Amino acid sequence: MAEAEGAALTCSGCGLALEPDFAFCPRCGAARRPGQAAPEADRRQVTVLFADLSGFTALSERLDAERVRAFQNVLFETLAQTITRYDGFVEKFVGDAVLAVFGAPVAHEDDPARACDAALEMLERVAALSREWAVRLGQPVTLHVGIHTGPVVAGSLGGAAGDAYAVTGDTVNTTSRLLTAATPGTILTSEATRGLAQHRFAFESAGELMLRGKTEPFVVHRLVGALAEPGSSRGLAALGLAAPLVGRTDELDQLLSAFERMERGRTQVVSLVGEAGTGKSRLIAEFLARLDADGRLARTAVRRAACSSLGEPTYGVFGALFREAYQVEPADPTAIAPVLSYVLGLEGEVHPDIEPEQLQRQIVLAARALVERRVEREPLLLLVEDRHWADIASVDLLRQVVDQLPDRPLMVLLSHRPDTTPPLVTRAAQSVIRVAPLSTDETRALVAGFFGASADLEPLQDFIAGRSGGNPLFVEEIVRSLVGRGVLQREGGRWSCATVSEAVVPPTLHGLLLSRVDGLPVAARRLLQEAAVLGATFDGALLRAVATEPGAIDAELARFAEADFVQPLGQWPERARYRFTHGLVHEVVYQNLLLSRRTELHERVGRALEQAAGPRPERLSDLEALGHHWSLSADKLRGARYLVAAGDWARAVYANDDAIRHYDRALQTLAECPGGGGDARTAHERLADLLGLTGRRAEALAHYEAVRKDSERDGDRVAAARVQRKIGGLYWEAGDRERAGACFTSGLELLGEHDDPIERAHLFQEMGRLAFRAGDNAGAITWAERALAEATHEEEAATEPERVREATTMRAQAYNTLGVALARTGRLTEAVEQIERSIGLAETRDLLQAACRGYTNLGVLFSSLDPRRSIETCLRGLETAKKVGDLGFQSRLYANLAVAYCALTDRCEAEGIEAAQTAIDLDRRLGLLDHLAVPLIVLGQIHQCHGEHREAFAMYEEALGLAEQIGEPQLLFPCYDGLATLYLDAGNTGQAEAYLTKAQEVCARAGVEPDALMVLPFLC
Ligand SMILES: Nc1ncnc2c1ncn2[C@@H]1O[C@H](COP(=O)(O)OP(=O)(O)OP(=O)(O)O)[C@@H](O)[C@H]1O
Ligand SMILES: [Mg+2]
């Protein structure tokens, strides 16, 4: 593609003269080096620059075509040179305009600033051209420019070999609108570009544009010029946030002791090495601040140079270090003056007669003399930041000077990134300080440093620690982008953070991260992308199975580890796993992929996983991975089914939050695929079951309603009845017994005589519980017996294990209902028998939910008869309820526990009150209004017992309000009874009698003896 080394390089595609270090032709995108493939098309953030000659049409109408053409050639050459100088890419010349891209095919960390620099330089150079051509053209000429930063698809999109590299996307169209709006001689930029370049350039507001197809006005700015004193792009001062230095005590100590050795006359060369953003500059700033605070900086001369990412001219860095401090007089008597002036950039050339070797020697001599003279006066600290961009000549010169002056009060402090090696010093003392990433704790401390330590910061700390890889710059930029997206908000003096889940690469870091990836050869980059599709951590064997070139994997992985893209995990080569060192690098590589390629790769991974896991994958991790990859492939339905299976798996081991997550994701996936209706119904229902269990009733209801509508539409009566029953259950929990009853009845109506016996058993069982809670014990017994008959019959008849299990569950539940109804009618021994039978059945078949109910009721039956046994039963029940994740039963059990503790008077104070309070809190949190009255009454009784009448009144009053709403005798009675005795104690016999009458009326209505309600307060 290019001509032989040494000869002038021209692009074989378009003939443009190429700089020697160019990998791709900036004009046509052809690869320069032989054998190097053109970059594949990808998605990336770039800065687009559109420049156009103002009034060109008029010019070409007026002038001869040949003259116009001649001018155009010169103009285009000038513009292309400027763009190339900032490593931009000339996408195309259209008419009299040029479209340039900064950030493709190769990204830089400062592309927006490069575009601004290029635009300003273009204006300047065209002004010069105008002066030159004004006479021939008959008028002066000028440019107008538009600049915008945003996402594009970049690459040779046609895929055919000769197709030119191009960028497409809304970002390009928007830039062209900015160009149109720019008046002659001006540069208009978008807010996005300004935000990324404002630390180096001055902008003026230029109002708003309305763009086609957009409702929001588009804010634009005029680029005025480069700032005389550019600021730093680092830090969050603009947001009013600053964090103290975190960690780095060892590194600071090392710097300070090197400084002390230098003060004692031993020349020191210290290199600070670390990735971009790890805090090298910050460390230097802290080091200088410490010296200053100790008064030592005043006795030391400090000279500093910061290298530009565009590279430095020969001796540029050395010149920058000394230029200002040394006004070399032309009449300097020493022989070194002319050479020194040259090195310091004060004079353009040296005498042409000097031989190169001789010149080299003279330069070293001059530089040495310069430094030597300086350190005679006071210690000298030379600071070179970002030495990876320094010119080789300067670094070499510094090295030779320090080696010739190894015993002076001289310290050279260099900072650089790991891809550059420290200079090889032989005689001066040298040390290398590695600036490692912050630990997870330090990263969290840094976040706390910005926002102050507070409990609600934790999710944010977790999120940032997980993605920043301990890089403080990444921490800052993630914070900045969260503020930009409104996730982090300041209200008054306080910051609050909405849930952060979505991973977005901060626009400020995009170029920095992508530039590392763009530095890889095409094949390596492809492999890194394939790894990124596997995930932030990935399996070596799986990568081999999906890689386009599996043969090269080992070598490439070693290269990735070397370049700190990935880290190996564990020591077993045959089961090697790897992790992307930075979450952000993983994201940028993944997002760099075209959507079509992502989809295709996810499918490849899905197939490889299926092959590895076999036809019936059983491990949760396999199901999750299969669900993830297939749901991002073209076969989304397949993905959704795996996700539902993963949800089922998690649900079976009571990992409810995980199960909810999987079902949720399955539903999101199904929403995107036609024909997934049946699957969606299953996922909705299972999700709702779990949401109900964990107290998220409103959400559960919405999912059930979706299933109900669907089932009724499709004429699936059993499903419709089942969902009616579940909806009824939710209403019941919320204290709306009437609505619950209506749901159960309508479920039974939906279900014909011959429909599913299990569903019938369920509905009978629910009716039985409802009757019991309404005080209709005879009705409860009848319903429970009907449920028992259906369940027993089905348990024998069914063949599928799932159905047998459900029939058994129904049986266990029916025994329970029988038991509590018997208890209420005074047949206590039989009641205990039935409930113990229920628990026994549930335990042997692992039906934990049913077991919870049994423990709850058994605990109540024992509470006054045998408090110790009651406590034991409740604790067993609690353990089970926690395992199942059922918060409703936990609350019931805590309430019962409180009663039992209080029966054992020595534990009432310590444990009884706490248990009752826990139950109250749980009920309030979950909105369990059908139960909240219970722990309130229990706590009321405890207060009453301790003579705390005021507190007792408060509890009873609240409980009574709830009990009257619900109308349940077992709740109303203790409220009336308790209030009656409280009034009696207070000497208010009138009120006491009124409540006593009410208590008696409740018993009469329910047909039970007061004793039955006294002894057995709350059964379910
Ligand atoms: N230990 C630290 N505690 C608190 N903030 C830090 C720490 N280290 C770095 N920072 C902050 O993180 C940002 C990036 O750090 P800095 O600019 O020093 O990185 P760098 O290593 O010099 O990067 P580059 O290689 O790009 O020059 C800065 O805003 C800095 O103040
Ligand atoms: Mg720095």
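In the block above lies the structure referred to throughout.
What counts as what
- Residues numbered from 1 in each chain as written.
- Chains lettered and ligands numbered in written order.
- Predicted model: local features only at pLDDT ≥ 70, side-chain atom pairs only at ≥ 80, totals over all residues.
- Heavy atoms only, no water.
- Helix = DSSP H or I, 4+ residues; strand = E, 2+ residues; numbered from the N terminus.
- Buried < 20%, exposed > 50% of the residue type's maximum accessible area, 1.4 Å probe, protein only.
- Contact = heavy atoms within 4.5 Å.
- Salt bridge = Lys/Arg side-chain N within 4 Å of Asp/Glu carboxyl O.
- Pairing = 2+ DSSP bridges.
- Axes fitted to C-alpha atoms, helices over the stretch in contact; angles between N-to-C directions.
- Parallel < 35°, antiparallel > 145°, perpendicular 65-115°, else oblique.
- Left-handed = near helix turned anticlockwise from the far one by under 90°.
- Nonpolar A, V, L, I, M, F, W, Y, C, P; charged D, E, K, R; others polar.
- Near = heavy atom within 4 Å.
- Polar contact = N/O pair within 3.5 Å; in protein donor to acceptor, adjacent residues only side chain to side chain.
- Areas by Shrake-Rupley, 256 points an atom, 1.4 Å probe, with all protein chains shown as cover.
- 1 Å grid on protein atoms, 1.4 Å probe; cavity = no way out; pocket = protein on both sides within 12 Å on 5 of 7 lines; lining within 4 Å.
- Points joined across faces, edges and corners; volume = space filled by probe spheres on them.
- Arc of directions from axis to C-beta.
- Phe/Tyr/Trp six-rings, centres within 6.5 Å; stacked < 30°, edge-to-face > 60°.

**Describing the overall build of the protein chain**
Here comes step 1: Looking only at helices and strands, one finds 40 helices and 18 strands in the protein chain.
Here comes step 2: In terms of overall dimensions, the protein chain has a C-alpha envelope of 125 × 70 × 60 Å along the principal axes.
Here comes step 3: Buried positions account for 53% of the 1020 residues belonging to the protein chain.
Here comes step 4: Sequence separation of 24 or more characterises 66% of the internal contacts of the protein chain that already satisfy a separation of 6 or more.

**A word on the pattern of salt bridges**
Here comes step 1: Inspection of every chain in the model, using the stated rule, returns 70 salt bridges.
Here comes step 2: The closest approach of N and O atoms between Arg722 and Glu685, which form a salt bridge, is 2.6 Å. Here Arg722, found in helix H26 (residues 717–733), pairs with Glu685, found in helix H24 (residues 677–693); they are 37 residues apart in sequence, far enough to count as distant.
Here comes step 3: You can call Arg722 partly exposed: its relative accessible area is 24%.

**Overview of the pairing of strand E1 (residues 42–53)**
Here comes step 1: The buried fraction of E1 is high, at eleven of twelve residues.
Here comes step 2: Where E1 and strand E4 (residues 143–155) come together, twelve bridges link them in antiparallel fashion. The partner of Asp52 across the bridge, within E4, is His144.
Here comes step 3: Both E1 and strand E3 (residues 97–102) contribute to a ladder of six bridges, which runs antiparallel. Counted as the bridge partner of Thr47 is Phe102 from E3.

**Quick word on the packing of H26 against helix H28 (residues 757–773)**
Here comes step 1: It is the contact of H26 with H28, at a shortest axis distance of 10 Å, that shows an interaxial angle of 25°. With respect to H28, the element H26 is oriented roughly parallel. By crossing handedness, the relation of H26 to H28 is classed as left-handed. The segment H26 lies against H28, with Val718, Ala721, Arg722, Arg725 and Trp732 engaging Glu759, His762, Leu763, Glu766, Arg769, Leu770 and Arg773.
Here comes step 2: Taken together, the residues that form the contact of H26 with H28 break down as five nonpolar, one polar and six charged.

**Details of the site of ligand 1**
Here comes step 1: Lining the immediate environment of ligand 1, one finds 20 residues, of which Gly277, Lys280, Ser281, Arg282 and Glu476 sit closest.
Here comes step 2: Here an oxygen atom of ligand 1 and a side-chain polar atom of Ser281 are 2.8 Å apart.
Here comes step 3: In the complex, the protein chains occlude 94% of the 630 Å² of accessible area that ligand 1 would expose alone.
Here comes step 4: Among the secondary structure elements, those contributing two or more residues to the shell around ligand 1 are helix H7 (280–293) and helix H14 (472–484).
Here comes step 5: Split by residue class, the shell around ligand 1 holds seven nonpolar, five polar and eight charged.

**A look at empty space enclosed by the protein**
Here comes step 1: Enumeration according to the criterion identifies four cavities of 30 Å³ or more in this entry.
Here comes step 2: Residue lining of the largest cavity: 14 residues in total, with Arg892, His931, Val934, Phe1018 and Leu1019 positioned closest to the centre.
Here comes step 3: Of all the secondary structure elements, the ones that give two or more residues to the lining of the largest cavity are helix H32 (848–865), helix H34 (887–903), helix H36 (929–945) and helix H38 (969–985).
Here comes step 4: With three residues, H36 is the single largest residue contributor to the lining of the largest cavity.
Here comes step 5: Volume-wise, the second largest cavity comes out at about 80 Å³.
Here comes step 6: Taken together, eleven residues make up the lining of the second largest cavity; nearest its centre are Phe772, Gly775, Arg824, Pro969 and Gln970.
Here comes step 7: Counting residues per element, the ones that place at least two in the lining of the second largest cavity are H28 and H38.

**Structural notes on unusual backbone geometry**
Here comes step 1: In this model, Ala104 is joined to Pro105 through a cis peptide bond whose omega is -5°.
Here comes step 2: Here Pro105 is to be found in the loop between E3 and helix H3 (111–137).
Here comes step 3: Phi is positive for Asp564, close to 65°, though the residue is something other than glycine.
Here comes step 4: The residue Asp564 is located in the loop between helix H18 (553–562) and strand E17 (566–569) in this model.

**A short note on the sheet that holds strand E16 (residues 537–539)**
Here comes step 1: A sheet is described by the order of its strands in space; here three strands give the open sequence E16-E18-E17, paired in antiparallel fashion. On the outer flanks of this sheet lie E16 and E17, each paired with one strand and no other. Looking at each pair of strands side by side, their axes are set apart by 30° on average, direction ignored.
Here comes step 2: Where E16 lies against strand E18 (residues 577–580), three bridges are found, and the strand directions are antiparallel. What sits directly across from Phe538, in E18, is Tyr578.
Here comes step 3: Running over the sheet, helix H16 (residues 522–534) touches E16, E17 and E18 and is turned about 105° from E16.
Here comes step 4: Against the sheet, H18 engages E16, E17 and E18, with an angle of about 110° to E17.

**A few points about the packing of helix H30 (residues 801–824) against helix H31 (residues 828–844)**
Here comes step 1: The geometry of H30 relative to H31 is characterised by a closest axis approach of 8 Å and an angle of 160° between their N-to-C directions. Compared by their axis directions, H30 and H31 come out roughly antiparallel. For H30 against H31, the interelement crossing comes out left-handed. The residues of H31 that touch H30, namely those facing Thr808, Arg811, Ala812, Tyr815, Asn816, Leu818, Gly819, Val820, Leu822 and Ala823, are Leu828, Glu830, Ala831, Gln834, Ile835, Arg837, Ser838 and Leu841.
Here comes step 2: Split by residue class, the contact of H30 with H31 holds ten nonpolar, five polar and three charged.

**Things to note about H18**
Three or four residues apart is the spacing at which side chains of an α-helix point the same way, because the helix has 3.6 residues per turn.
Here comes step 1: For H18, every residue scored as buried is listed here: Ile553, Glu556, Leu557 and Phe560. Relative to the axis of H18, the buried residues are bounded by an arc of 100° and lie together on one face. The exposed residues of H18 that point more than 90 degrees off its buried face are Asp554, Ala555 and Glu562.
Here comes step 2: Looking at the buried positions of H18, the neighbouring elements they touch are H16, E16, helix H17 (540–546), E17 and E18.
Here comes step 3: Taken from the residues just after H18, Asp564 is the one with a positive phi, measuring 65°.

**Concerning the pairing of strand E6 (residues 187–190)**
Here comes step 1: Along E6, one buried face is formed by Ile187 and Thr189 and the opposite face, lined by Leu188 and Ser190, is buried too.
Here comes step 2: Summarising the sheet, E4 and E6 pair through three bridges and their orientation is parallel. In the sheet register, Gly146 faces E6, and the bridge partner there is Leu188.
Here comes step 3: When E6 meets strand E8 (residues 218–226), the two strands line up antiparallel, connected through three bridges. Paired with Leu188 across the bridge in E8 is Arg222.

**Details of the sheet that holds strand E9 (residues 268–273)**
Here comes step 1: A sheet is described by the order of its strands in space; here five strands give the open sequence E10-E11-E12-E9-E13, paired in parallel fashion. Among the strands making up the open sheet, the edge pair consists of strand E10 (301–306) and strand E13 (429–434). When strand polarity is set aside, the average angle formed by the axes of neighbouring strands in this sheet is 15°.
Here comes step 2: Pairing analysis gives five bridges linking strand E11 (residues 380–385) to strand E12 (residues 410–416), with the strands arranged parallel. For Leu382, the partnering residue across the bridge sits in E12 and is Val412.
Here comes step 3: Against the sheet, helix H6 (residues 249–263) makes contact with E9, E11, E12 and E13, and its axis sits at roughly 150° relative to E12, the strand it touches most.

**Focus on the side chain of Gln724**
Here comes step 1: Looking at where Gln724 falls in the secondary structure, it is placed in helix H26.
Here comes step 2: Residues in contact with Gln724, not counting those within four places in the same chain, are Arg708, Glu712, Cys743, Ser746, Gly747 and Leu750.

**Brief notes about the packing of aromatic side chains**
Here comes step 1: With the rule as written, the count across this model stands at 14 aromatic pairs.
Here comes step 2: Where Phe89 meets Tyr165, the ring centres are 5.1 Å apart and the plane angle is 80°; that geometry is what we call edge-to-face. With Phe89 in strand E2 (residues 89–94) and Tyr165 in the loop between E4 and strand E5 (166–168), the pair connects residues that are 76 residues apart, well separated along the chain.
Here comes step 3: Look at Phe538 and Tyr578: their rings are 5.6 Å apart centre to centre, the planes differ by 20°, and that puts the pair in the stacked class.

**Quick notes on the side chain of Asn857**
Here comes step 1: The residue Asn857 is located in helix H32 in this model.
Here comes step 2: If sequence neighbours within four positions are ignored, Asn857 has contacts with Asn816, Val820, Ile835, Leu1019 and Cys1020.

**Focus on the environment of Gln849**
Here comes step 1: Within the secondary structure layout, Gln849 lies in helix H32.
Here comes step 2: Put simply, Gln849 and Gly511 are 338 residues apart on the chain and 54 Å apart in space, counted from C-alpha to C-alpha.

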